[in-house]
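# Understanding the architecture of this molecule
Each chain is listed here by its residues.
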Amino acid sequence: MANIKSQIKRNRQNDKKRLHNRTFRGAARTAVTAARNAMSENEPETKETVLNAISALDKAAEKGVIHKNNASRRKGRLMKRLAAFLAAPPVAEDADKKKKAAK
């Protein structure tokens, strides 16, 4: 524990800021995970979840919780996966075709 009055105050400020930043960083992380899960599970609302994740990343970057380039990189990767997901045929149809071909 610090003995100097200004350092005690600085520690209080750091703790307060850490808790504030944690909510934005956690929300962004949760949104990105939800978007990735939506893509892997072929959910119909995948595009909306990706847009929500992008919004959460933008908010975190705006608050200074994560660096703007970090947010940009994550958004780019999400959009790249979304484009591949939308371009590829659904996996369920491929499984049905393979079953029919095997018979």
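Along each chain, residues carry numbers from 1 onward, in the same order as the chain's sequence is written. Given that the model is predicted, a residue must reach a pLDDT of at least 70 before its local features are reported, and side-chain atom pairs must reach 80 or more before they are shown or counted; all residues, however, enter totals for whole chains, interfaces and linings. To get the side-chain values, all heavy atoms of the structure are used, and hydrogens and water are removed first.

Before going further, it helps to spend a moment on the overall build of the protein chain. Helix and strand definitions here come from DSSP, where helices need a minimum of 4 consecutive H or I residues and strands a minimum of 2 consecutive E residues; each element is numbered from the N-terminal end. Helix and strand counts for the protein chain come out as 4 helices and 0 strands. The order of helices and strands in the protein chain, counted from the N terminus, is α-α-α-α. Each residue gets one of three labels from its accessible area relative to the maximum for its type: buried under 20%, exposed over 50%, partly exposed in between, using a 1.4 Å probe on protein chains only. Classification of the 103 residues of the protein chain by burial places 18% in the buried group. By sequence separation, contacts in the protein chain at least 24 residues apart represent 55% of the contacts at least 6 residues apart. Each accessible area is a Shrake-Rupley estimate made with a 1.4 Å probe; only the visible protein chains count as cover when residues are assessed. Accessible area of the protein chain: about 8000 Å², with a carbon and sulfur share of 53%. What makes two residues a contact is simply this: any of their non-hydrogen atoms within 4.5 Å.

So, on to the pattern of salt bridges. The term salt bridge refers to a pairing of a side-chain nitrogen on Lys or Arg with a carboxyl oxygen on Asp or Glu at a separation within 4 Å. Evaluated as defined, the whole model comprises 1 salt bridge. Here Asp58 makes a salt bridge to Lys75, at a shortest N to O gap of 2.7 Å. Separated by 17 residues along the polypeptide, Asp58 in helix 2 (residues 46-63) and Lys75 in helix 3 (residues 68-87) bring together distant segments of the chain. On the basis of relative accessible area, Asp58 is assigned to the partly exposed category, the value being 33%.

Attention now goes to the packing of helix 1 (residues 5-40) against helix 2. Every axis in this analysis is a line fitted to C-alpha atoms, fitted for helices over the stretch in contact. Angles between the N-to-C directions lie between 0 and 180 degrees. Their axes nearest at 8 Å, the elements helix 1 and helix 2 cross at an angle of 160°. Relative to helix 2, the element helix 1 lies roughly antiparallel. In terms of crossing hand, the pair formed by helix 1 and helix 2 is left-handed. Along the contact surface, helix 1 presents Phe24, Ala27, Ala28, Ala31, Val32, Ala35, Ala38 and Met39, while helix 2 presents Thr46, Thr49, Val50, Asn52, Ala53, Ala56, Leu57, Ala60 and Lys63. Gly is placed with the polar residues, together with every amino acid not listed as nonpolar (Ala, Val, Leu, Ile, Met, Phe, Trp, Tyr, Cys and Pro) or charged (Asp, Glu, Lys and Arg). Residues of the contact of helix 1 with helix 2, tallied by class, amount to 13 nonpolar, 3 polar and 1 charged. Every angle not falling under 35 degrees, over 145, or within 65 to 115 is termed oblique; those three ranges are roughly parallel, roughly antiparallel and roughly perpendicular. Crossings are classed by handedness, with left-handed meaning an anticlockwise turn of the near helix from the far one by less than a right angle and right-handed meaning a clockwise turn.

Take the environment of Lys68 next. Mapped onto the fold, Lys68 is located in helix 3. When the C-alpha atoms of Lys68 and Leu57 are compared, they prove to be 8.9 Å apart, with 11 residues separating the residues in sequence.

Here Thr49 shows up in helix 2. Owing to a relative accessible area of 18%, Thr49 belongs among the buried residues under this scheme. Looking at Thr49, its side chain comes within polar contact range of the main-chain oxygen of Thr46, at 2.7 Å. Once residues lying within four places of it in the same chain are set aside, the contact partners of Thr49 are Ala31, Ala35 and Ala38. Think of a polar contact as two N or O atoms within 3.5 Å of one another; within protein, one of them needs to be a possible hydrogen donor and the other a possible acceptor, and neighboring residues in sequence only count if both atoms come from side chains.

Right, let's talk about unusual backbone geometry for a bit. Despite not being glycine, Asn42 shows a phi value in the positive range, around 55°. We classify Asn42 as partly exposed; its relative accessible area is 33%.

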